[in-house]
Amino acid sequence: MTSLALPLDYAAIERILPHRYPFLLVDRVTECEPDKRIVGVKNVSLNERYLWHGRNEEPVLPATILTEAIAQVGAILILSKPENHGKLILFRGMERLRFRRPVYAGSVVEIEARVKRLRSRMGQLEGFARVDGNVVVNGAMTFALE
């Protein structure tokens, strides 16, 4: 990631990930230590199409969308390496995923992914999503490069 200047904005993230609006969920990347960890930010606005509106409740970001956001931050870490340019990253599975509390519209979610195991074509990341310093989701995710 040495050729990329932090923070990465939405346009820079689009050059790394194949995702596009409305399913590119990472708004910015603020920290990155190649082959170790990355920190990204997701701003949850009231205009998000996938917010769940319960009866007489505040709109909530579905846990599956939050899980995908963590996976996308991890994918940025892996795909930003020069040797992985142009490769496709495949989400293979998740382990010990825990949803600790809901995320509401107006929240700023800080997403961190740490490398647990990294090989040339496979790896495992440990992901955390926090709102106001409180962990809302954490777990391990496995990926493969194609």
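Below is a summary of the structure that appears in this document. The residue count restarts for each chain, going from 1 along the sequence in the order it is written. Under the rules for a predicted model, residues below a pLDDT of 70 receive no local features and side-chain atom pairs below 80 are neither given nor counted, while totals for whole chains, interfaces and linings still include all residues. Side-chain measures were taken over the full set of non-hydrogen atoms in the model, leaving aside hydrogen atoms and water.

### Here's the deal with helix 2 (residues 63-79)
And then number 1: By the criteria applied, helices consist of DSSP H or I runs no shorter than four residues and strands consist of E runs no shorter than two, each listed in order from the N terminus. Under the convention used throughout, the expected extent of a helix is 1.5 Å for every residue step, that is, one less than its residue count. Here helix 2 contains 17 residues, and its C-alpha end-to-end distance of 24 Å stays within 8% of the 24 Å for a straight helix at 1.5 Å per residue.
And then number 2: Burial of helix 2 is extensive: 14 of the 17 residues sit out of reach of the surface. For each residue, the accessible area found with a 1.4 Å probe, counting protein chains only, is set against the maximum for its type, and the residue is called buried under 20%, exposed over 50%, and partly exposed in between.

### Here we look at the pairing of strand 5 (residues 122-131)
And then number 1: The element strand 5 is extensively covered by neighbouring structure, given that eight of its ten residues are classed as buried.
And then number 2: Where strand 4 (residues 108-118) lies against strand 5, nine bridges are found, and the strand directions are antiparallel. When the bridges of strand 5 are listed, Arg114 appears paired with Glu126.
And then number 3: Two strands form a pair only when DSSP identifies at least two bridges running between them. Direction of pairing for strand 5 relative to strand 6 (residues 134-145): antiparallel, over a ladder of ten bridges. In the strand pairing of strand 6, Gly127 is matched with Gly139.

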